[in-house]
Amino acid sequence: MNSYDIVIIGGGPAGLAAAVSARQNGIDSILILERDSQLGGILNQCIHNGFGLHTFKEELTGPEYAKRFIDQTEELNIEYKLNTMVMDITKDKIITAMNRTDGLFKIEAKAIILAMGCRERSRGALNIPGYRPAGVYSAGTAQRLVNIDGYMPGKEVVILGSGDIGLIMARRMTLEGAKVKVVAELMPYSGGLKRNIVQCLDDFGIPLKLSHTVVNIKGKERLEGITLAQVDSQGKPIPNTEEDYSCDTLLLSCGLIPENELSKGIGVDMEAITNGPLVNESLETSIDGVFACGNVLHVHDLVDFVSKEAAAAGKNAAKYIKNNCSMGEPEPTISILPTDGVRYTVPKMLHIHRMEEKLTVRFRVGAVYKNCYISVYFNSQQILHRKKAIIAPGEMEEIKLKKADLEAFDGLETITIKIEEA
């Protein structure tokens, strides 16, 4: 059985950035396991630009962004296995995987970084009534068909869900000659970035209908049309608000789910809101020496933030190895509590002495707030009160905690993050 200091599950943007960071922090024995036929993950099919502004200070396409990290991985001689599916991970960090070359094999790791990314929510999870005709795709599947395989899914398109992939595919399908008739969104706000709403819908005259959903699918062999209806505050269709649209393609962009079957198999404690692992300031899960980063932890809006988070995970995993497979002596745990509009935080807890000088805490809100404040409390004392013109669920927010401030606060037990009305 081969042994490595660090094994990284996933060769997408998170896995690559974590591997590069771990190598730069002095770890030579690293292995990346990737189930696809090439490194880069989902970025390989994201041929639009807008990537890399934070990381490389220039605008790149998805494949260009991935290539930067793949090149670094090659230059640093980091070992990787492609077409390799990880089947199981045990608490003592024995990884069972398989591929066509090696068959079924086991690997022993001193530390593991989980970077499996996420998957799209399928039609089966949405309970849309109607038959199951050809022409119903997830937005990511359609993106792969168009950008990599060179197939057009259809010519008349309706998109359900205003996540970023759905918005981007509205533009992509239009540029390829299809007619995108409408983008419908169940919630009263869009789930995508504001810039994508402007660049992908407004610039092409594609209507966005908020508080709407698909209530019927027409056609048996091939999709012939759909029925939209307005929904109430509970998400239930309102009678007599139905509208019929003829179309041959329905794209679903209804949310992303972190790929955490392996995480649950090890016994990692999970966060109910994100469907990702609970992690501390080091991005370490409840299992000693198992770290998580990227979209397997929580769904990000920008890949630049994925890379930054993954670099921290790689650095902390390297620190764990150098410290004889330990993050240091146990110390009091300080809980980070999301409340009053804040849905979750990453991390969810911290240990002051293990922190870097600054710790970035990322979070999302549960509704659209205008002229509000992001407030941070140490125990019951307000420490930060930052005004924001608008906060929306589609945009990730962050605050930075300084180690010196935490050390100076006597008897700190909880850090509360909330949204307060102006």
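Caption draft 1: Expanded view of the nonpolar core. Counting 64 residues, the largest nonpolar core has Ile6, Val7, Ile8, Ile9, Ile89, Ile95 and Leu114 as its most contacted members. Element by element, the count of residues in this core is highest for helix α7 (residues 303-322), at eight residues. Residues in contact with Ile89, not counting those within four places in the same chain, are Ile9, Ile94, Ile95, Ile112, Leu114, Leu262 and Ile266. Of all hydrophobic cores here, the second largest spans 24 residues; its members include Ile374, Leu401, Leu412 and Ile415.

Caption draft 2: Local environment of helix α1 (residues 13-24). In this model α1 runs 16 Å from its N-terminal to its C-terminal C-alpha over 12 residues, within 8% of the 16 Å that 1.5 Å per residue would give. The element α1 is largely enclosed, with a buried count of 11 among its 12 residues. Listed in full, the buried residues belonging to α1 are Pro13, Ala14, Gly15, Leu16, Ala17, Ala18, Ala19, Val20, Ser21, Ala22 and Arg23.

Caption draft 3: View of the sheet that holds strand β17 (residues 249-252). Strands sit in the order β10-β17-β11-β12-β13 across an open sheet of five strands; the sheet is parallel. Strand pairing shows two members of the sheet lacking a second neighbour, β10 (136-138) and β13 (208-210), which therefore form its edges. Adjacent strand axes in the sheet meet at a mean angle of 20 degrees when their direction is disregarded. Pairing geometry for strand β11 (residues 156-160) and β17, over four bridges, is parallel. Considered in β17, the bridge of Leu160 is made with Leu252.

Caption draft 4: Representation of the packing of aromatic side chains within the structure. What the rule picks out here adds up to five aromatic pairs. With a centroid separation of 5.6 Å and 45 degrees between ring planes, the pair formed by Tyr65 and Phe69 is classed as tilted. Linking Tyr65 with Phe69, this pair stays in helix α2 (residues 62-75), spanning four residues, or about one helical turn. Through successive ring pairs, a cluster of aromatic residues spans Phe56, Tyr65 and Phe69. When the ring centre of Tyr377 is taken as origin, the NZ or CZ atom of Lys418, which lies over that ring, is 4.8 Å away.

Caption draft 5: Up close: the environment of Lys194. Looking at where Lys194 falls in the secondary structure, it is placed in helix α5 (residues 194-201). Separated by 30 residues in sequence, Lys194 and Asp164 have C-alpha atoms that sit 9.5 Å apart.

Reading the values: rules and limits
Residues numbered from 1 in each chain as written. Predicted model: local features only at pLDDT ≥ 70, side-chain atom pairs only at ≥ 80, totals over all residues. Heavy atoms only, no water. Core = buried A, V, L, I, M, F, W, Y, C linked by side-chain atoms within 4.5 Å. Buried < 20%, exposed > 50% of the residue type's maximum accessible area, 1.4 Å probe, protein only. Helix = DSSP H or I, 4+ residues; strand = E, 2+ residues; numbered from the N terminus. Contact = heavy atoms within 4.5 Å. Expected span 1.5 Å × (residues − 1). Pairing = 2+ DSSP bridges. Axes fitted to C-alpha atoms, helices over the stretch in contact; angles between N-to-C directions. Phe/Tyr/Trp six-rings, centres within 6.5 Å; stacked < 30°, edge-to-face > 60°. Lys NZ or Arg CZ within 6 Å of the ring centre and 35° of its normal.

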